[in-house]
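Take a look at the letters that make up each chain.
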There are 4 protein chains.
Amino acid sequence: MIVITSNQTPEDQINDIIAVIEKEGLQVHLSKGSDRTVIGLVGSVSPKLAEHLRQMKGVENVVKISKSYKLASRDFHPDDTIIEVKGVKIGGEHLAIMGGPCAVESPEQIDEIARLVKAAGAQVLRGGAFKPRTGPYSFQGIGVEGLKMMADAGERHGLLTITEVMTPEYVDVCAEYADILQVGTRNMQNFDLLRALGTCGRPVLLKRGFSATYDELLNAAEYILAGGNRDVMLCERGIRTFETYTRNTLDLSAIPVLQGLSHLPVISDPSHGTGRRELVEPMAKASVAAGANGLIIEMHTDPDNSMTGDGVQSLFPDQFSNLLQDLEKLAPLVGKKFSTQEAISIK
Amino acid sequence: MIVITSNQTPEDQINDIIAVIEKEGLQVHLSKGSDRTVIGLVGSVSPKLAEHLRQMKGVENVVKISKSYKLASRDFHPDDTIIEVKGVKIGGEHLAIMGGPCAVESPEQIDEIARLVKAAGAQVLRGGAFKPRTGPYSFQGIGVEGLKMMADAGERHGLLTITEVMTPEYVDVCAEYADILQVGTRNMQNFDLLRALGTCGRPVLLKRGFSATYDELLNAAEYILAGGNRDVMLCERGIRTFETYTRNTLDLSAIPVLQGLSHLPVISDPSHGTGRRELVEPMAKASVAAGANGLIIEMHTDPDNSMTGDGVQSLFPDQFSNLLQDLEKLAPLVGKKFSTQEAISIK
Amino acid sequence: MIVITSNQTPEDQINDIIAVIEKEGLQVHLSKGSDRTVIGLVGSVSPKLAEHLRQMKGVENVVKISKSYKLASRDFHPDDTIIEVKGVKIGGEHLAIMGGPCAVESPEQIDEIARLVKAAGAQVLRGGAFKPRTGPYSFQGIGVEGLKMMADAGERHGLLTITEVMTPEYVDVCAEYADILQVGTRNMQNFDLLRALGTCGRPVLLKRGFSATYDELLNAAEYILAGGNRDVMLCERGIRTFETYTRNTLDLSAIPVLQGLSHLPVISDPSHGTGRRELVEPMAKASVAAGANGLIIEMHTDPDNSMTGDGVQSLFPDQFSNLLQDLEKLAPLVGKKFSTQEAISIK
Amino acid sequence: MIVITSNQTPEDQINDIIAVIEKEGLQVHLSKGSDRTVIGLVGSVSPKLAEHLRQMKGVENVVKISKSYKLASRDFHPDDTIIEVKGVKIGGEHLAIMGGPCAVESPEQIDEIARLVKAAGAQVLRGGAFKPRTGPYSFQGIGVEGLKMMADAGERHGLLTITEVMTPEYVDVCAEYADILQVGTRNMQNFDLLRALGTCGRPVLLKRGFSATYDELLNAAEYILAGGNRDVMLCERGIRTFETYTRNTLDLSAIPVLQGLSHLPVISDPSHGTGRRELVEPMAKASVAAGANGLIIEMHTDPDNSMTGDGVQSLFPDQFSNLLQDLEKLAPLVGKKFSTQEAISIK
C-alpha cells in the first residue's frame, strides 16, 4: 500500500500521516519527489486504516501495490534512485563504467589494470577475489588477500571497487575492503546472502540469475531493500537459451523493462552476456543506446593467460579505452553522461 | 571450396581458372572485391582438382569451407553484400528503415501510413496481405487486393514495399507487386518456399525462426542463395525464452555475430522482438548501436483498432517520426547513414 | 459453442436441433458418445440462437468454448478419437507402434526392415522419401521412388505406412502411396500444408514444433480438422532447451496434458526426442507409462551407414524387438494393449 | 586419474598401490566392486607416477578421467552407489518413495500425513521447515520447531525424514533432526552450502538447478563428494522452458543420462516437475519406467489450504496410496522393487 500526498503537502501533515501508520505497527518508507511525497507502508493494512488515511489532509490517493515486490517498485518510488559513493553517482543520467579483470591475480596485475581503467575514463574497478566455479577443482580465487590488493589499487588510482561476495559469512570482510558488493548470477536466489546484504552498509550490484524472470530479479532485490539497504543496482548479464554460439544471450530488453518497473539503476554486463571478446564492443554500445545506467566490462592486460580461463571475453586495454571514447559520444544521444571521476580523493 | 586469387589478377587468368572448374562440372560463384576476386566452387571437389587449381597462375590459395553453408559465408564473399533496389541501398554503411502496419486493411489506411512513413524519412513500406496466424479462425489477411493497395501506396509516395509470402504458389504474385519479399519466422525452414525464392527475382528478407540457431538461419539463407538469388537479408526478430513479460527476447548479439559469419545485411525487428510499444524505441536504438543494417518497425495510425490485434506493438506516427530523427543522429557514431530516399521515382 | 444433449436424447430431437443450427448458416460437428451426443457449432453464434437452443427439447446445456481451437478440444468431443486404418486402431486403449528407418534408401533396405518391424509386433512402417534438411547440400531423400518402395514393402509384410509430406503440392502423391501422412516439426505452422491435409483423405500425424507450445500445436491441428479431416494424431518429439547432451528434451508431460485438453491420440517419438540410441528404450517405456497412444521409433539394419546420418538415434533390430516385448508387458498396467496386426490383408 | 586393478587382486597389492599414491601427497578414493577394485586419485598426477603405477603388480590399467567431475563419474565408481539409512536402501534395484507436505505446518498435520505416507508403503517423509521463497513477504517456513515436529512424526511412524537446508549455518541443526538433507534447485550452485554438506554426515539429495545442465549438476555433486560425503542422490525436478502450461518441464531423459554418466541414485520429483496435481500420477509412472531410483512426491491432507500455496501440485492421500500400488506393480518390469520399510525401528 502507498499513500500519495498532494502537491506541496506541508511537512507537518506528512508527519501526521506517518504517525497514524506507525501507531498501527506498520513500517514506513518515504520517497520524496520534486513535487510530492510517496509514503510506502510495509505490512498488512486493514481496510479501516486505508480508509482513514484516504481522508486525511494532504492525501491525494491511497493505492494498493499488487506486485509481490514493493520497495523495488516504481509505484513506491517514482523517481530514479541515484546511488552516490565517494562522489560518484550511479543512476538517472549518470553512466557508470566498471572495468577490470575477472580475477585479482597479483598486486602488480591489479595495479596495472587499475591504472589503465582510470586512464580510459572509468569510475569503478572490478575484480574477483572469491570466484564461483562450476567444479570444485577449478581456481577458486585468492581470497581476502585479493580484496586487499584491489582496495590498494583502487585507492592509489582513485577508483571505486566492486567485488563478488558468495556467502553470508564473507559479507563483512568484503564490505570492509570494497565499495560495492556484487551478487553473482548463481546466487541471485541465495536468500540468506541477500538478507545479509540488507544490512551491509554498501551498495549492492545484483546480477540476474541466468534463468530468472524480471519478476524474480525484482523480488530478489526486494530481499535486500527490505533489510534497509536502499542502494541496489540490477544487472543484466545474459540468460540461458538454446543458442550455443554465444555463452549467454544478453537480453537488452531487460534494461527498459526493469527501468519501467523499478526505480533502481540497471547495469549491463556485455562480457559475461556474450562470452566473446569481439561482441563486447557492439553490445556495450547497444546497452547504452537501450538506456543502461552503467556497464561492467572485463579487461585484462594478458587475457590469454588469465587464471580463470575467462580471458576469451576480456578486452585488451586499448580496446577498452577506444570503447569508452565511443561511449562518451554516444551517451548524450540518450540523455546520459559519464559519471564524474573527479570527486574521488586520491591517496 | 574457394579459390582466392592474388592481388590484381588479370581477367584472363581468372577466366582460365573458371574454365578449369567448369570443365569438371562444378558451379562457380564469383565475388569481386576491391583488390582481389574470390571464386567459389559449389559441388564436390576432388583432391586432384584442388591441387591443380592451387598451382595455377593468379591463385594465392585454395581453401576448404568447413561450414555447412557456403554462399552465405563471409569466407566465400569477404565484402559486405549491398543490395540495391530502385536506387535504395541496403547493407554496408547504408541503414534502411522499413515501416508500416502489421496488415494492409484498406486503400485509405495504407495510403495515409505510406505518407507518414515517407515523411518520417524511411525508405520501405511494410504491410501484410497474407498473414500467418496461429489459429484457423483468426483474420488471415486480405490477400492479393492488399498487395495491390500497398503497391499503389508505395509508388504514390516513393517508397519501396516489402510483404510476407507464405507459400511457393504465391511467390509469383507477391513478386509482381512487392519490391522485397519477406519469409516469416514460422517459415524459415519451409524449404520449398526457400527454393522458390531462389529464382523469384526479388530481394528476400529472411526472418530467423523463433528458436533457430544462427547456423540454421544461415543454412536457410543458403537455400535461397543456392537457387541463384544473391539478394538476401537476415532478420533478427526475437527468440523464444522462458521470459513471458516480452513477447520474444530480441537477441541483439545476432547482429554482430551474423555480420561476422556472413556478408549479408542484418535487419532488426524490435516490434515483434519485444511485442510492446514502449520497448520499440530503446531496442531500435540498441539495434543500430549494435550495427544493424536496417530496421523493420510496425507503425499504425490507429493501433488499438488494428485488424490483427498486433497494435500493442505498433508505434504511433509521431513516435515513429521522433525515433527516426534520433536514429539519424545515432547512425554516424557507428559508421552508418540512412539509405537515400531520393533515387526512387515518384509516379 | 457446443450443445450438450441430455442422456438418451432421441434421434429426431437431435435432428431438430441440427436443423435450427444449419438454418442460421452455421456448420455442425457431431460427436456421439456412449450415452449422449455433443453438437459443435462452428461460426459466430448470436445470443438469440444460443438462447433458442438452450430451450429446445433434448438440450441439457449450451456452452461457449473459450479456447481458440474448437474441434481439437475435448469439450467439443468428450470421448477419445480412435482412428481406424485398414483394421488397425490408433487411440483410446490401442497402442500403435511405428518403426522403420529415417529414410527409404533402396527396395532391399526397406523390405528387410519391414520384415523385422512386422516380426517385432509393430503395426506401421515409417520411412522418409522427402527429407527436410537444415542445409541445401544434404541428402534430401529419394522422392517418389521411395514412396513406391515403401508402399510395396508395407503391403508385402502387412504393415501400414507413414511418411512425411513437406509441401502442399506433394500431398496427393504421398496420399496415393502412404496410409498415414506426417507433418514434420519444422512444418507445424506451415499453414498452407495444414489446409491441404484437411482434405487429403488420410490420417495425419502432426509433430509438435520444437519450440511450439501445447496451445500452438492444438491450433495447428485445428487447421487440419477445420478442413474436414477428423483423423489427426499429435506427436511429441522433443523441444529445444539449453541442454545440449540430448538432441532435444522429450517433454513427456505433453502426453497427459494434450490428452486432457484434446480427444486426439498422442504419439511419442523417443528417437528424435533424445537423439541417442541408448536413451530410446527408457524413454519409450516412460512414454507408454505416461499414457502415450503410440510410439514412432527409428530402426535400421545398419544405422552407422544410414544415408541421413541419423543412425546414431536408430535402434538395431534386436533392440527394437526386445523393446516391443517389454512394452507389451508394460501396456496393460496403464490400461493399454497393442493395436492388432491381424486385420491387415497381406498381398 | 583412476587405477583399475586386475580381477581378484589381493589386498596387500592394493595396499602397496595406495601407499605409492599417498606418498606423493595425493588423496585416494577406493571403490570395491564385486570382482575388482577401482582406485581413484584426486590431485595432479605426474606422468612419472602414472607410469610407475601402470607397471605395479595387480594393476590392469591406469586411465585419465577427462570429465571435470571425478568422484561423481561412473568411470571412477563403476557399480551403482547404494545408500543405506537405518536399513532402507536407495539406489540400484531399490526404489525409494518419499512423500509428504510442502511445508511442516503443525504437529497434528505432519503426524497425520506421516501415518498416511507409511500406510501407503513409502519409506521417507518429506517436509519443509525452511522454505526458499521468491519474495521476502511470503511464508518462510516455521524453522527449527518444524524440524522437531517432523523428526517426531518420522520416528513415531517408522519413516526416514528428508528436509531442505538453505544455508551453511543451518546444516548442523538440520542434520541433527533429519535423516536426509535436501539442496533446493536455487541452491544447486551455492558452493559454500555444498562444501558444508560434504562433511555433514548425512545423505544429501541434490536437486538440479532449473536451468542447470547435466554436467553442472554432476559438478555440484562433486563438491559434496570431494568433501568426503559419498551419499549423494541426484534429483530431476523440472527445467525452465518456454512452455508455461506446466510450472516446469520434467526432463525424464535426465534419469538414464545421469545413470550412464554417474553411479549415484537418481530421484524424480513429478510434483515440482509439473506443478499440477493431475500430471503427478502419469509422470511418476513415467519416471519409474525410465529407471528412476526413487520419487519425491508432495501429498497433503488439505492441499487447497496449504500454507505455501503449493497445494495445487499436492496429491490427496488416496491418490498417493493408489499411485504407490500401481508403482509397486510397475517396478518389477524395469528391474526395480520398493525399498523395504521393515528395517526401521518404531519408537
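The sections below set out a description of the structure shown in this document. These numbers come from a predicted model, not from an experiment.

## Quick look at helix 1 (residues 11-23) of chain C
Residues and elements named next belong to chain C. Here helix 1 contains 13 residues, and its C-alpha end-to-end distance of 18 Å stays within 8% of the 18 Å for a straight helix at 1.5 Å per residue. Those residues of helix 1 that fall on the buried side of the exposure criterion are Ile14, Ile17, Ile18, Val20 and Ile21. Along the long axis of helix 1, the arc covered by the buried residues comes to 160°, so they all point the same way. Buried residues belonging to helix 1 abut strand 1 (2-5), strand 2 (27-32), strand 3 (37-42), helix 2 (47-54) and strand 4 (59-63). Directly beyond the C-terminal end of helix 1, a positive phi value near 80° is found at Gly25.

## Quick word on the interface of chain A and chain C
Of the residues lining the interface, four residues belong to chain A; the matching set on chain C comes to four residues. Between chain A and chain C the total buried area reaches about 310 Å² when both faces are included, carbon and sulfur atoms providing 81% of it. Together, Arg240, Phe242 and Thr244 of chain A form the three largest contributors to the area buried by chain A at its contact with chain C, with a combined 87%. Joining chain A to chain C, the criterion identifies zero salt bridges. Its residues assigned to classes, the side of chain A that touches chain C shows one nonpolar, two polar and one charged.

## Overview of the packing of helix 10 (residues 277-289) of chain B against helix 11 (residues 317-330) of chain B
All names here are of chain B. Put simply, helix 10 and helix 11 touch, their axes get as near as 10 Å, and they point 20° apart. Classified by the angle their axes make, helix 10 and helix 11 are roughly parallel. Note that helix 10 runs across helix 11; the crossing there is right-handed. Contacts from Arg277, Glu281, Ala284, Lys285 and Val288 of helix 10 reach helix 11 at Gln319, Leu323, Asp326, Leu327 and Leu330. Here the residues of the contact of helix 10 with helix 11 are counted per class, giving five nonpolar, one polar and four charged.

## Concerning the interface of chain B and chain A
A common measure of how large an interface is: the accessible area buried when the components associate. Between chain B and chain A, the contact holds 33 residues from the first and 33 residues from the second. The contact between chain B and chain A buries some 2,500 Å² in all, and 75% of this surface belongs to carbon and sulfur atoms. Interface area lost by chain B to chain A is led by Phe242, Glu243 and Leu333 of chain B, which between them contribute 21%. Taken together, the connections running from chain B to chain A amount to two salt bridges. A salt bridge links Glu243 of chain B to Arg208 of chain A, with the nearest nitrogen and oxygen atoms 3.3 Å apart. At the surface where chain B touches chain A, the tally comes to four residue pairs in polar contact (both at pLDDT 80 or more). Residue assignment for the side of chain B that touches chain A shows that the elements contributing at least two residues are helix 8 (254-261), helix 10 and helix 11 of chain B. For the side of chain B that touches chain A, the element with the most residues is helix 10 of chain B, which contributes six residues. The residue inventory of the side of chain B that touches chain A, partitioned by class, reads 20 nonpolar, seven polar and six charged.

## Some thoughts on the pattern of salt bridges
Summed over the entire model, instances satisfying the criterion amount to 76 salt bridges over all chains. Note that Glu278 of chain C is salt-bridged to Arg276 of chain C, the shortest N-O span being 3.2 Å. Under the relative-accessibility criterion, Glu278 of chain C is labelled partly exposed at 47%. Under the relative-accessibility criterion, Arg276 of chain C is labelled partly exposed at 25%. A network of salt bridges, in which partner residues are shared, links Arg208, Glu236 and Asp251 of chain A together with Glu243 of chain B.

Parameters at a glance
- All residue numbers refer to position in the chain's written sequence, counted from 1.
- Lettering of chains starts at A and numbering of ligands starts at 1, both following the order in which they are written.
- In keeping with the predicted nature of the model, local features appear solely for residues at pLDDT of at least 70, side-chain atom pairs appear and are counted solely at 80 or more, and the whole-chain, interface and lining totals rest on all residues.
- Note that the side-chain values use all heavy atoms of the structure and ignore hydrogens as well as water.
- Counting from the N terminus, the helices are the DSSP runs of H or I reaching at least four residues and the strands are the DSSP runs of E reaching at least two.
- The length a helix should cover is 1.5 Å for every residue beyond the first.
- Any residue under 20% of the maximum accessible area for its type is buried, any over 50% is exposed, and the rest in between are partly exposed; the area is computed with a 1.4 Å probe on protein chains only.
- To obtain the arc, one takes the directions from the helix axis to the C-beta atoms.
- Pairs of residues are marked as contacts when any of their non-hydrogen atoms sit within 4.5 Å.
- Computed with a 1.4 Å rolling probe, the buried area is the accessible surface lost when two parts are put together, summed over both parts.
- Salt bridges, as used here, are contacts in which a Lys or Arg side-chain nitrogen is within 4 Å of a carboxyl oxygen on Asp or Glu.
- Asp, Glu, Lys and Arg are counted as charged, while Ala, Val, Leu, Ile, Met, Phe, Trp, Tyr, Cys and Pro are counted as nonpolar; the rest, among them Gly, fall into the polar class.
- Interaxial angle, 0 to 180 degrees, is taken between N-to-C directions of lines fitted to C-alpha atoms, where a helix line uses only the stretch in contact.
- For classification, angles of less than 35 degrees are called roughly parallel, those exceeding 145 degrees roughly antiparallel, those between 65 and 115 degrees roughly perpendicular, and all remaining angles oblique.
- Put simply, a crossing is left-handed when the front helix is turned counterclockwise from the back one by less than a right angle, and right-handed when it is turned clockwise.
- Under this definition, polar contacts are N or O atom pairs within 3.5 Å; protein pairs additionally need one hydrogen-donor-capable and one acceptor-capable atom, and for neighbouring residues in sequence, both atoms have to be side-chain atoms.

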